[in-house]
Amino acid sequence: EVLRSEDLESNMEAFLYCMGSIKFISGNPGFLNEMISKGAVEILINLINQINENTEKCGTCLPNSGHL
């Protein structure tokens, strides 16, 4: 739910740390299955689309988006 409602542009650093956490906990098969069942893949796809749209609109990447 946090990822679904956050403003990517204003919270890029928090989003970056959140992605690191997701990467870490997705290594556990139990957590991975729960994340998938809660729609994490779709949410992450939407966030990637937001990053791409912002890049196209501004002509440049948001700060720290390269680390994602």
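Scroll up to find the structure.
Quick caveat: nothing in here was measured; it's all calculated off a predicted structure.

A.B. asks: When you look at the nonpolar core in this model, what are you seeing that I'm missing?
C.D. replies: One finds Met12, Phe15, Met19, Ile22, Met35, Ile43, Leu47 and Ile51 forming the largest nonpolar core, which totals eight residues. Those elements giving two or more residues to this core turn out to be helix H2 (12–25) and helix H4 (40–58). Examining the composition of this core, we find that four residues originate from one element, H2, more than from any other. The contact partners of Met35, leaving out residues within four places of it in the chain, are Ile22, Ile25, Ser26 and Ala40.

A.B. asks: Would you mind going over a nonpolar patch on the surface with me for this structure?
C.D. replies: Together, Leu32, Ile36, Val41 and Ile45 give the surface a local cluster of nonpolar side chains, amounting to about 310 Å² of exposed area. Going through the elements one at a time, helix H3 (29–37) and H4 are the ones with two or more residues in the nonpolar patch. Position of Leu32 among the secondary structure elements: in helix H3.

A.B. asks: Got a minute to help me understand H2 in this structure?
C.D. replies: Every α-helix carries 3.6 residues per turn, so stepping three or four residues along brings you back to the same face. Compared with an ideal rise of 1.5 Å per residue, which puts 14 residues at 20 Å, H2 spans 20 Å between its outermost C-alpha atoms and is within 8% of the ideal. For H2, the full list of buried residues reads Met12, Phe15, Met19 and Ile22. With its buried residues spanning 70° around the axis, H2 presents them on a single face. Facing away from the buried side of H2, by more than 90 degrees, are the exposed residues Tyr17 and Phe24.

Procedures and definitions
As a convention, each chain's residues are numbered from 1 in the sequence order in which they are written. Selection of residues for local features in this predicted model requires a pLDDT of at least 70, selection of side-chain atom pairs for listing and counting requires 80 or more, and totals for whole chains, interfaces and linings are taken over all residues. Computation of side-chain values: all heavy atoms of the structure, hydrogens and water removed. The term nonpolar core refers to a set of buried residues drawn from Ala, Val, Leu, Ile, Met, Phe, Trp, Tyr and Cys, joined through side-chain atoms within 4.5 Å. Throughout, exposure labels follow a simple rule: accessible area from a 1.4 Å probe, protein chains only, divided by the maximum for the residue type, with under 20% read as buried, over 50% as exposed, and the rest as partly exposed. Secondary structure counts use DSSP, requiring at least four H or I residues in a row for a helix and at least two E residues in a row for a strand, with both numbered from the N terminus. We call two residues contacting when some pair of their heavy atoms lies within 4.5 Å. To count toward a patch, a residue needs a relative accessible area over 30% and no salt bridge; like charges are then connected within 9 Å, while nonpolar side chains (Val, Leu, Ile, Met, Phe, Trp, Tyr) are connected within 5 Å. The Shrake-Rupley method, run with a 1.4 Å probe sphere, supplies the accessible areas, and residue values consider only the shown protein chains as cover. A carboxyl oxygen of Asp or Glu within 4 Å of a side-chain nitrogen of Lys or Arg is what we treat as a salt bridge. Multiplying one less than the number of residues by 1.5 Å gives the expected span of a helix. As used here, the arc is the angular range of directions from the helix axis to the C-beta atoms.

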